[in-house]
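Structural characterization, general
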Amino acid sequence: MSTQMRAVEVPAAGGDFELVTRDIPEPGRDEVRIRVQACGICHSDALVKFGHWPGVVYPRVPGHEIVGVVDAVGPDAKPWKVGARVGVGWFGGCCFHCDRCRRGDLLHCTNGQIPGMTYDGGYADYLIAPAIAVASVPDDLASAEAAPLLCAGITTFNALRHSGAKAGDVVAVLGVGGLGHLGVQFAAKMGFHTVAIARGADKAQPARDLGAHRYIDSTRGDVAKELQALGGAKVVLATVTNAPAMAATIDGIATGGELIVLGATAEPIAVTPIQLIGASRTVRGWPSGIATDSEDTMRFSALQGVRPQIERFPLERAAEAFERMMSGNARFRVVLETGA
């Protein structure tokens, strides 16, 4: 076996991606080494590329939508065995001793780790990850299809299953993109009356093909009024990064309903207290989930036929793949493959 591997690193904040050769790392205590097969490219990778995430130590290998095979196990890295097919997502480990961890809330660990940010991620042939961050991947999910489920998938799936919506309720998915095209599928498969909201008539048929029962073109009418005509949305799942688009849905939320914000933006969402108080509406954010949530997401996806729509690139074309993702023209997720 070779002792060297390929990795695509960011040498410094704002620097160009570089394909380099490194020694294959060895796992430490409570760690596993994963031979990477596929790694999704997420918009959050831009935070590392451009130096917008605090505390990143460069050079850094990005990537937090990782699927591969365990090929080495450190001491006490239970329950993993060599040969297990696994993935690692946004949740990359926790400290176990902060207040949140001690209360069982590993996802909000004060010292939480993220692959590709706090340690080297999946734009490489091999990855070292804490055992607690590793999720089992179902055999009937292809690696390139499973990878986006570890970030975009778990975020939409977990938000919906922890919402107040019940089967038959109106659930609107704002945005039919990298997150939204999975959100529409999950909502429909969970039994919700699924409404897709996006800009332009050209998104209508793709949204219906994904399972949406109704499509609202936000450029051609009042989104809130159209939602109220359906009885109001129990949940609006906001996958866009456009705060005004989120705000435009609030009056369309049913009494006791909620706006769940997934699209990360620094732009404030304009909402008045009256809009919230009168109908007991809430606005809340949702991050992603821990490794067992990733397993639940992938099992549900395998069972119900939920799949991301992806564009594939080889590892050595990571810079091109990243630009494709950043352009907004990808349909809908971009995935690197190592050939392993």
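Now for a description of the structure that goes with this document. (Residues numbered from 1 in each chain as written. Predicted model: local features only at pLDDT ≥ 70, side-chain atom pairs only at ≥ 80, totals over all residues. Heavy atoms only, no water.)

**A closer look at the overall build of the protein chain**
The following threshold applies: Secondary structure counts use DSSP, requiring at least four H or I residues in a row for a helix and at least two E residues in a row for a strand, with both numbered from the N terminus. Radius of gyration here is computed from C-alpha atoms only, and the compact-globule reference equals 2.2 Å multiplied by the residue count raised to the power 0.38. Working definition: with a 1.4 Å probe on protein chains only, accessible area under 20% of the residue-type maximum means buried, over 50% means exposed, and in between means partly exposed. Whether two residues touch is decided by their heavy atoms; if any such pair falls within 4.5 Å, the residues are in contact. Methods summary: accessible areas were calculated by the Shrake-Rupley approach with a probe of 1.4 Å, and residue burial reflects only the protein chains presented.
In terms of helices and strands, the protein chain carries eleven helices and 15 strands. Taken over the C-alpha trace, the protein chain has a radius of gyration of 20 Å; the compact-globule value for 340 residues is 20 Å, and the two agree within 12%. Its C-alpha atoms give the protein chain principal-axis dimensions of about 65 × 40 × 40 Å. Among the 340 residues that make up the protein chain, the fraction classed as buried is 55%. Within the protein chain, contacts between residues at least 6 apart in sequence are counted, and of these 67% link residues at least 24 apart. Approximately 14,200 Å² of the protein chain is accessible, and the part contributed by carbon and sulfur atoms is 51%.

**Looking at helix α10 (residues 291-304)**
Counting along an α-helix, one turn takes 3.6 residues, and residues three or four places apart therefore face a common direction. To keep things clear, this is the line we draw: Multiplying 1.5 Å by the helix residue count minus one yields the expected span of that helix.
End to end, α10 covers 20 Å across 14 residues, agreeing with the expected 20 Å (1.5 Å per residue, within 8%). Within the span of α10, buried status applies to A291, D293, S294, E295, T297, M298, F300, S301 and A302. Against the buried residues of α10 lie β7 (134-136), α3 (143-146), α4 (152-161) and α5 (180-189). G305 occupies a position one or two residues after α10 and carries a positive phi of about 80°.

**Topic: empty space enclosed by the protein**
The test is simple: Method remark: on a 1 Å grid restricted to protein atoms, a set of points is classed as a cavity if a 1.4 Å probe fits but cannot get out and as a pocket if it is open with protein on both sides within 12 Å along at least five of seven lines; lining residues have an atom within 4 Å of a point. Grid points are joined across faces, edges and corners, and a volume is the space filled by probe spheres set on the points. Only Asp, Glu, Lys and Arg are considered charged in this grouping, and only Ala, Val, Leu, Ile, Met, Phe, Trp, Tyr, Cys and Pro are considered nonpolar; every other residue, Gly among them, is considered polar.
One pass over the structure, following the stated rule, counts one cavity of 30 Å³ or more. Forming the boundary of the largest cavity are 14 residues, of which G89, W90, F91, G289 and S294 lie nearest the centre. Secondary-structure elements contributing two or more residues to the lining of the largest cavity are β5 (85-88) and α10. Each residue belonging to the lining of the largest cavity can be placed in one class, and the counts come to nine nonpolar, five polar and no charged.

**Regarding the sheet that holds strand β11 (residues 233-238)**
Put simply, the rule reads: Strands are treated as partners if at least two bridges between them are detected by DSSP. Lines fitted to C-alpha atoms define the axes here, with helix axes fitted over just the stretch in contact, and angles between the N-to-C directions of these axes take values from 0 to 180 degrees.
Sheet architecture is open: six strands sit in the order β10-β9-β8-β11-β12-β13, paired in parallel fashion. Where the open sheet ends on each side, the last strands, each with one partner, are β10 (214-217) and β13 (282-285). When strand polarity is set aside, the average angle formed by the axes of neighbouring strands in this sheet is 20°. Where strand β8 (residues 170-174) meets β11, four bridges bridge the pair, whose relative direction is parallel. Each residue of the ladder has a partner; that of L174, found in β11, is A238. Lying on the sheet, α5 is in contact with β8, β9 (193-198) and β11; it crosses β8 at an angle near 170°.

**Thoughts on the nonpolar core**
The following threshold applies: In this text, buried Ala, Val, Leu, Ile, Met, Phe, Trp, Tyr and Cys residues form a nonpolar core when linked through side-chain atoms within 4.5 Å.
In this structure, I41, V88, Y123, L127, V134 and L336 are the most contacted members of the largest nonpolar core, which totals 45 residues. With five residues, the top contributor of residues to this core is strand β3 (residues 31-41). Grouped together as the second largest cluster of nonpolar side chains are 44 residues, A152, V184, A196 and M298 included.

**Digging into the side chain of T155**
Following the sequence through the fold, T155 ends up in helix α4. For T155, the contacting residues outside a window of four places in its chain are L179, L262, W286, P287 and S288.

**Notes on α4**
Taking burial as the measure, the ten residues of α4 include nine buried ones, the bulk of the element. Here the buried face of α4 lies against β8, α5, β11, β12 (253-261), α10 and β15 (333-337).

**A short note on the packing of α4 against α10**
So the rule is basically this: Note that the term roughly parallel is reserved for angles under 35 degrees, roughly antiparallel for angles over 145, roughly perpendicular for angles of 65 to 115, and oblique for everything else.
At a minimum axis separation of 9 Å, α4 and α10 run at an interaxial angle of 90°. Overall, the two elements α4 and α10 adopt an arrangement that is roughly perpendicular. From α4, G153, I154, F157, N158 and R161 reach across to α10, where they touch D293, S294, D296, T297 and F300. Its residues assigned to classes, the contact of α4 with α10 comprises three nonpolar, four polar and three charged.

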